[in-house]
Amino acid sequence: MWKSRFLRGAGCLLQGTGCIPCKPSYLPLWRYLSFYQPCVNPVLQRSFRPPTWYCFENRIRPAVALYFCRTLRKDVKSIIDFPTQPLTVTDIKQYLRSKDIPFYDGYSCLHAPSIFLEPSPEGSGKESYSLFIDKTTGQFLCKETLVEGSWEDLQDCIEVMLNENQTSISPNVLLGFPESMEEQEEREMEMKEVQRIWSSSVPLSDLLDEEAQLVKTMFQISKLTNATLKKFGVRFFKPTKSLVFPWFSGRDLVLRGVKLLSAATKGDGRVVYTEATVPKISSYHNLFGLPLIGRKDAEVVLTGREIDSMAVSQATGLPSLALPRGVSCLPPILLPYLEQFKKVTLWLGGDIRSWEASKIFSRKLGLKRSSLIRPGDFQPCPSEALAQGRNLARIVKASIPAAHKSIVSFKQLREDVYGELANVEQVAGIPWSRFPELNRILKGHRKGELTVFTGPTGSGKTTFISEFALDLCMHGVNTLWGSFEINNVRLAKIMLTQFAKQRLEENLDQYDMWADKFEDLPLYFMTFHGQQNIKTVLDTMQHAVYLYDISHVIIDNLQFMMGQENLSVDKFAVQDHIIGAFRKFATNSCCHVTLIIHPRKEEDDKELQTASIFGTAKASQEADNVLILQEKKLVTCPGRRSLQVAKNRFDGDVGIFPLEFNKASLTFSAPVKGKQKLRKVKVDKNISTEEMEETELKEKSEKALKPAKAKTSKTAKGSAVLKDTTDGEGNDP
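Residues numbered from 1 in each chain as written. Predicted model: local features only at pLDDT ≥ 70, side-chain atom pairs only at ≥ 80, totals over all residues. Heavy atoms only, no water.

**Q** Kindly report on the overall build of the chain, identifying the contributing residues and their values.
**A** Within the chain, the regular secondary structure consists of 22 helices and 26 strands. Across the 733 residues of the chain, 45% fall into the buried class. Sequence separation of 24 or more characterises 67% of the internal contacts of the chain that already satisfy a separation of 6 or more. Summed over all atoms, the accessible surface of the chain reaches about 39900 Å², with 54% contributed by carbon and sulfur. (Helix = DSSP H or I, 4+ residues; strand = E, 2+ residues; numbered from the N terminus. Buried < 20%, exposed > 50% of the residue type's maximum accessible area, 1.4 Å probe, protein only. Contact = heavy atoms within 4.5 Å. Areas by Shrake-Rupley, 256 points an atom, 1.4 Å probe, with all protein chains shown as cover.)

**Q** Summarise the pattern of salt bridges; cite the residues concerned and give the values.
**A** Counted by the stated rule, this structure contains 20 salt bridges. For Lys99, the salt bridge identified is with Glu159, shortest N-O distance 3.0 Å. With Lys99 in the loop between helix H2 (89-98) and strand E4 (104-105) and Glu159 in helix H3 (residues 151-163), this residue pair connects regions lying 60 residues apart in the sequence. Given a relative accessible area of 24%, Lys99 falls into the partly exposed group. One salt bridge connects Arg440 with Glu437, and the closest N-O pair in it is separated by 2.9 Å. One end of the pair, Arg440, and the other, Glu437, are both in helix H14 (residues 436-442), three residues apart, so they sit about a helical turn from each other. Look at Glu437 and you get partly exposed, because its relative accessible area is 34%. Salt bridges here are not isolated pairs; linked through shared partners, they connect Lys93, Asp105 and Lys135. (Salt bridge = Lys/Arg side-chain N within 4 Å of Asp/Glu carboxyl O.)

**Q** Describe the pairing of strand E16 (residues 343-347), and please don't skip the residues or the numbers.
**A** Burial analysis of E16 places four of its five residues in the buried class, the great majority of the element. When strand E14 (residues 299-303) meets E16, the two strands line up parallel, connected through five bridges. Bridge assignment links Thr303 to a residue of E16, and that residue is Trp347. With three bridges connecting them, E16 and strand E17 (residues 370-372) associate as parallel partners. Considered in E17, the bridge of Leu346 is made with Leu372. (Pairing = 2+ DSSP bridges.)

**Q** Residue-level account of the sheet that holds strand E7 (residues 140-142), with values.
**A** Within a sheet, each strand pairs with its neighbour through backbone hydrogen bonds, oriented either parallel or antiparallel. Sheet architecture is open: five strands sit in the order E4-E5-E6-E7-E8, paired in antiparallel fashion. Where the open sheet ends on each side, the last strands, each with one partner, are E4 and strand E8 (148-149). Inspection of the sheet shows strand E6 (residues 131-134) paired to E7 by three bridges, in the antiparallel sense. From the neighbouring strand, Ile133 faces E7, where its bridge partner is Phe140. Across the sheet, H3 is in contact with E6, E7 and E8; its angle to E6 comes to roughly 135°. (Axes fitted to C-alpha atoms, helices over the stretch in contact; angles between N-to-C directions.)

**Q** Quick rundown of a nonpolar patch on the surface? Include the residues and the values.
**A** Taken together, the side chains of Phe410, Leu413, Val417 and Leu421 present a nonpolar region at the surface, about 390 Å² in accessible area. Topologically, Leu413 is positioned in the loop between strand E18 (400-401) and helix H12 (414-422). Relative accessible area serves as the criterion here: at 34%, Leu413 is assigned to the partly exposed category. (Patch = residues over 30% accessible without salt bridge, like charges linked within 9 Å, V, L, I, M, F, W, Y side chains within 5 Å.)

**Q** Give me the lowdown on the side chain of Ser130, citing residues and values where you can.
**A** Mapped onto the elements, Ser130 comes out in the loop between strand E5 (109-112) and E6. Look at Ser130 and you get buried, because its relative accessible area is 6%. What Ser130 contacts, discounting residues up to four positions off in sequence, is Ala112, Ser114, Leu117, Leu141, Cys142, Lys143 and Glu144.

**Q** Please provide a residue-by-residue account of helix H15 (residues 461-474), values included.
**A** Along its 14 residues, H15 runs 20 Å from first to last C-alpha, staying within 8% of the 20 Å computed at 1.5 Å per residue. The buried count for H15 comes to 13 of 14 residues, which makes it a mostly enclosed element. (Expected span 1.5 Å × (residues − 1).)

**Q** Before we move on, could you go through the packing of aromatic side chains and cite the residues and values that matter?
**A** In this structure the tally under the stated criterion is 18 aromatic pairs. Plain terms: the ring middles of Phe499 and Trp514 are 5.8 Å apart, the flat faces sit at 90° to each other, and that makes the pair edge-to-face. With Phe499 in helix H16 (residues 488-500) and Trp514 in helix H17 (residues 511-519), the pair connects residues that are 15 residues apart, well separated along the chain. Accessibility classification places Phe499 together with Trp514 in one group, the buried group. Taken together, the ring pairs in this structure connect Trp432, Phe435, Phe453, Phe464, Phe468, Phe661 and Phe668 into an aromatic cluster. Here the basic side chain of Lys364 rests over the ring of Tyr546, its NZ or CZ set 5.3 Å away from the ring centre. (Phe/Tyr/Trp six-rings, centres within 6.5 Å; stacked < 30°, edge-to-face > 60°. Lys NZ or Arg CZ within 6 Å of the ring centre and 35° of its normal.)

**Q** Run through the confidence of the model for the chain, naming residues and quoting values.
**A** Should the pLDDT be low somewhere, the predicted coordinates at that spot are not to be read in detail. With 75% of its residues at a pLDDT of 70 or more, the chain shows a mean pLDDT of 78. Here residues 1-78 is a poorly scored stretch, pLDDT under 50, and it has 128 contacts once near neighbours within four places are set aside; other chains count. Scored below 50 in pLDDT, residues 703-733 shows four contacts in the model against residues more than four places distant or in partner chains. (pLDDT = per-residue confidence, 0-100.)

**Q** How would you explain the environment of Arg503 if you had to name every residue and give the values?
**A** When you line up the elements, Arg503 lands in the loop between H16 and H17. Once the C-alpha coordinates of Arg503 and Ser665 are considered, the two residues, 162 residues apart in sequence, prove to be 6.0 Å apart. In this structure Arg503 touches Lys663 and Ala664, once residues within four positions along its chain are discounted.

**Q** Help me get a handle on unusual backbone geometry, residues and values and all.
**A** The residue after Val278, namely Pro279, is reached through a cis peptide bond having omega 0°. Considering the arrangement of structural elements, one finds Pro279 in the loop between strand E13 (271-278) and E14. Note that the residue after Asp556, namely Asn557, is joined by a cis bond; omega there is 5°. For Asn557, the position within the fold is in the loop between strand E22 (552-556) and helix H19 (571-589).

**Q** I'd like a description of the environment of His577, backed by residues and values.
**A** Note on placement: His577 falls in helix H19. For the pair His577 and Ile534, spaced 43 residues apart in sequence, the C-alpha separation works out to 9.5 Å.

**Q** How would you explain the pairing of E22 if you had to name every residue and give the values?
**A** The two faces of the sheet receive side chains in turn, since in a regular strand these alternate between them. The element E22 is largely enclosed, with a buried count of five among its five residues. Burial of E22 is two-sided: the residues His552, Ile554 and Asp556 facing one way and the residues Val553 and Ile555 facing the other way are all buried. Sheet topology places E22 next to strand E23 (residues 592-596); five bridges connect them, and they run parallel. Of the residues in E23, the one forming a bridge with Val553 is Val593.

**Q** Give a description of H17 that names residues and reports values.
**A** Those residues of H17 that sit buried are Asp512, Trp514, Ala515 and Phe518. For H17, the buried positions fall inside an angular range of 165° around the axis, keeping them on one side. (Arc of directions from axis to C-beta.)

**Q** Lay out the sheet that holds strand E11 (residues 242-248) with the relevant residues and their values.
**A** With antiparallel pairing, five strands are arranged side by side in an open sheet as E9-E10-E11-E12-E13. What marks the edges here is a single partner per strand, and that holds for strand E9 (202-203) and E13.

**Q** Can you break down the packing of helix H18 (residues 534-548) against H19 residue by residue, with the values?
**A** In contact at an axis separation of 11 Å, H18 and H19 are set at 10° when each is read in the N-to-C sense. Between H18 and H19, the interaxial angle falls into the category roughly parallel. Side by side, H18 and H19 meet where Ile534, Leu538, Met541, Gln542 and Val545 of the first sit next to Ile578, Ala581, Phe582, Phe585 and Ser589 of the second. For the contact of H18 with H19, a count of residues per class yields eight nonpolar, two polar and no charged. (Parallel < 35°, antiparallel > 145°, perpendicular 65-115°, else oblique. Nonpolar A, V, L, I, M, F, W, Y, C, P; charged D, E, K, R; others polar.)

**Q** I'd love a proper account of the environment of Ser642, names of residues and values included.
**A** Residue placement: Ser642 occurs in strand E25 (residues 640-648). Linking Ser642 and Glu660, residues 18 residues apart in sequence, is a C-alpha distance of 8.1 Å.

Dropping the structure here:
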């Protein structure tokens, strides 16, 4: 940590000394960076893309422009690297005890006095324990100074503080080193944009009555009073006709960001709502309504939308918070802000997906203090319940505890069974947009299942499963890729090409646009490559599920985890153990696992079957779904491919449908276009162009008349009758 920060500081000094290469004249100014960042262990490349409204010529000094088109930077959002020895809460406690740092157990964090503040006087109690350390990851947050970092960062700070015989350490140790001037400029631009939107928006109470009523009707918040909207600081941004939800810091009430909710009407009359956040949702996390929470509040209702949070607060008077990303993710960095509550009621929405997210989030928050509100006709989302005139306080009071004993009777299953019967489409899972035939057979992508995918060598298994997973990722499914066969750069290139549906090599001017959109997808990659230990892989998967709420993991492929360290052990027994571990992980973590397994060596003219999967029958027995990529090899042209669903535990439907591969976009879902057959024509140089055109026209007309003549000869009698009829009417048949 200190080495990297020293290098950054050295970069700043170099910038001031003018040790800068000359600016090449053949490249545009926007291709230069204002700062060279020496990066230790670079992992990911990221381009610098200024917004169109940002004038570079007025901000970047030509003297500090460097000849670098792209920077290397580690992005923890998309690359998941897990230490060889996973961190446990026991390790954290032992280290704190060895350094004589007091602490006590919380629900999801350890509470300790902040080392970034001067020690509080004795007798102040637990209120001075403002440093929160995540029990699972070791990530820490000081609520007083807003300093945050990894467990390694905290260890470094403690060591420096103790070596210097200090009672505290300055927060600037971690806050004073921006990663690069590029990111500093970007952060400043984002904050200026936040201030511009906030200053240009107006409270709804300042609008005319007719205009305010129209806005409330458009966003379905007619039941929310102006007092509630003012209490939460909601405003209206006229240029984009959007509601503005502010994100205030819980400590100093400084505006840190905004979320804009816009409404648009489709052609069929449906109203579609879209969200946009400034800064990006991955850059800053916040709980809407956090400044309204009092220190002594012991109960809170957690919702998935800002409108729902306001509805709960208005109808019940209880403290209510809204998650920044709805039901898709609960970032662990927000857990310290929820530590003070003895009871957390999760009311994330009124559909099955919200119900599943509630059960997953309750594990992070602590099962003993979490209560869930089951969706149903009489318990919709809070805003709908308020609009229907229901008693929200009674619904919250009737919430069920997340922790319960083993189920012993149908009475405890009754509501779950009814929910599945009443919401058949939602229970079926998330559908694919690119593979409608797959929806017809599998019905959708469901959590907690294990899918085994196989196909002949070289048939395109990785390419197909990339588009298969990309389609789901575009629907908001948090996806983790474990590619042991090909490296992440090549895999990302394939998926980006499939995402853009074109060869970006030929359209490099569009790369930044598509890369920006692709970067916003909830897609993550493991850093493993080649042979890996199954325990390390499972620990990484568990870490990703906790940190990013991953709901789909792809393992490519099983053979790379069987290893060669135990040559004396039966390889089939090892494979069965690995498959059983993945099956258990999928069930316990409520996460879908797609496992690619190579088939046995079969003859080329035979189609693969379920029994063709390498190993014993355990793979097909444990799997909920078995997909086989069939390839019929041809001599004259590339093989024809089809996807076979050989097993479907959800409803038993199986089937097969053809796939058409588009080499330009690397997709299997491209529509099949009619191909025109070309025939060779011998051209006589003595024939003029006009004579050639007349000959071609004559051949086309004769070709068009041939079917009609044949039909007339076979049905002469019928044609004669038809001719008499048409002559009488004067119309063609």
